[in-house]
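One letter stands for each residue in the lines below.
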Amino acid sequence: MSEPTGPSIDRDEVARFDRLAATWWDETGPMRVLHRFNPVRLTYIRDTVCRHLGRAPLAPAPLAGLSLVDVGCGGGVLSEPLARLGADVTGLDPAVTNVTIAQAHADEAGVPVRYRAETIEDVVAAGERFDVVCAMEVVEHVTDMPAFVRTACRAVKPGGLFFAATINRTMRSFALAIVGAEYVLGWLPKGTHDWEKFVTPDELRGAVEGGGLSLTDTVGVVFNPLTGRWGTARDTAVNYMITAERPRA
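Residues numbered from 1 in each chain as written. Predicted model: local features only at pLDDT ≥ 70, side-chain atom pairs only at ≥ 80, totals over all residues. Heavy atoms only, no water.

The subject of this paragraph is the UniProt feature "binding site: S-adenosyl-L-methionine" (unreviewed entry) in the chain. Mapped onto this structure's residue numbering, the UniProt feature "binding site: S-adenosyl-L-methionine" (unreviewed entry) falls at R41, G72, D93 and M136. Here G72 lies in the loop between β1 (67-71) and α3 (79-84). Judged by relative accessible area, G72 falls into the partly exposed class, the value being 30%. The residues contacting G72, other than those within four sequence positions of it, are L92, D93 and V138. Relative to the helices and strands, M136 resides in strand β4 (residues 130-136). For M136, a relative accessible area of 4% translates into the label buried. (UniProt positions renumbered as here; feature names shortened; annotations may be inferred. Helix = DSSP H or I, 4+ residues; strand = E, 2+ residues; numbered from the N terminus. Buried < 20%, exposed > 50% of the residue type's maximum accessible area, 1.4 Å probe, protein only. Contact = heavy atoms within 4.5 Å.)

Right, dumping it as structure tokens:
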């Protein structure tokens, strides 16, 4: 299987995550912060979708019947629990090793997720559209953020939702997300992030609106050192998530 190519792909980033592929499901390894972060983003997506559609978020399968694509899915850490909530999930990642490991893990766990070593550009060009499009912790790793986001937005069906999670470009994010997380605390492998590629909420809003969607929510995500958990907050100076909606036809 050859690796996909596309205007948004940063080959160095793909190679780096490809090398880390075997560690995706190790909750004590390089991806441990992602596993701790996962519950807050999963809950945010579930609750927002259910509120949008008038569903009960605590129902057995609240996302049943919805098509969802997880762009830049990595090893499937988010894709699998979304599928367990009932969504028909497709995971996309340009790193072939990531897709192979993600599919093997899902198959072993008996979770119905389809993983494809494709880009969102490939998917949109083929005419595929989804009820929900997720690009979580992805936009800070592509070569052309506005173009990538506009393309991802094109994959959203009328009335559908787009979710993104990323890191704001502030001095506080440099201190916490790079110096603190990578060099002092060792939460992430050194070189995981490039501060210059971090994205401000205004920049992300502009890209989303350029893709024909309306931004409906922006929420900060903060770490509580007392509980060891991540949670939502008003503070968007470091991590934050957004929701955008495509108007119904």
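On to the pairing of strand β6 (residues 214-224). Examined bridge by bridge, β6 and strand β8 (residues 239-245) share seven bridges and lie antiparallel to one another. Directly across from T218, in β8, lies its bridge partner I242. Note that β6 and strand β7 (residues 229-233) share five bridges and pair antiparallel. Across the sheet, G220 pairs through a bridge with A233, a residue of β7. The antiparallel hairpin formed by β6 and β7 contains four residues in its connecting segment, where G228 sits at a positive phi of about 75°. (Pairing = 2+ DSSP bridges.)

With respect to the secondary-structure elements, D70 resides in strand β1. Here D70 occupies a buried position and makes no salt bridge, while the nearest side chain of opposite charge, R41, is found at 6.5 Å. There is a polar contact of 2.6 Å between the side chain of D70 and the side chain of S79. The residues touching D70, leaving out its near neighbours within four places in the chain, are L78, S79, T90, G91, L92 and C134. (Lys, Arg positive; Asp, Glu negative; His and termini not counted. Salt bridge = Lys/Arg side-chain N within 4 Å of Asp/Glu carboxyl O. Polar contact = N/O pair within 3.5 Å; in protein donor to acceptor, adjacent residues only side chain to side chain.)

Because each turn of an α-helix spans 3.6 residues, side chains separated by three or four positions in sequence point in the same direction. Across its 14 residues, helix α4 (residues 96-109) extends 20 Å between first and last C-alpha, which sits within 8% of the 20 Å expected from 1.5 Å per residue. Along α4, the residues classified as buried are V96, N98, V99, A102 and A106. For α4, the buried positions fall inside an angular range of 155° around the axis, keeping them on one side. Exposed side chains of α4 directed beyond 90 degrees from the buried face belong to D107 and E108. (Expected span 1.5 Å × (residues − 1). Arc of directions from axis to C-beta.)

Before going further, it helps to spend a moment on the sheet that holds strand β5 (residues 156-167). A sheet is described by the order of its strands in space; here eight strands give the open sequence β3-β2-β1-β4-β5-β8-β6-β7, paired in mixed fashion. Each edge of the open sheet is held by one strand with a lone partner, namely β3 (113-116) and β7. Across the sheet, the axes of successive neighbouring strands diverge by a mean angle of 20°, strand direction being ignored. Against the sheet, helix α8 (residues 201-210) makes contact with β5, β6 and β8, and its axis sits at roughly 20° relative to β8, the strand it touches most. (Axes fitted to C-alpha atoms, helices over the stretch in contact; angles between N-to-C directions.)

Attention shifts here to the pairing of β5. Of all 12 residues in β5, 10 are buried, a share of seventy percent or more. Bridge count between β4 and β5: six bridges; the pairing is parallel. Bridged to V132 within β5 is L161. The handedness of the β4 to β5 crossover, carried by helix α6 (residues 145-154), is right-handed. Note that β5 and β8 share seven bridges and pair antiparallel. Following the sheet pairing, A164 is matched in β8 by I242. (Right-handed = clockwise from strand over helix to strand, strands pointing away.)

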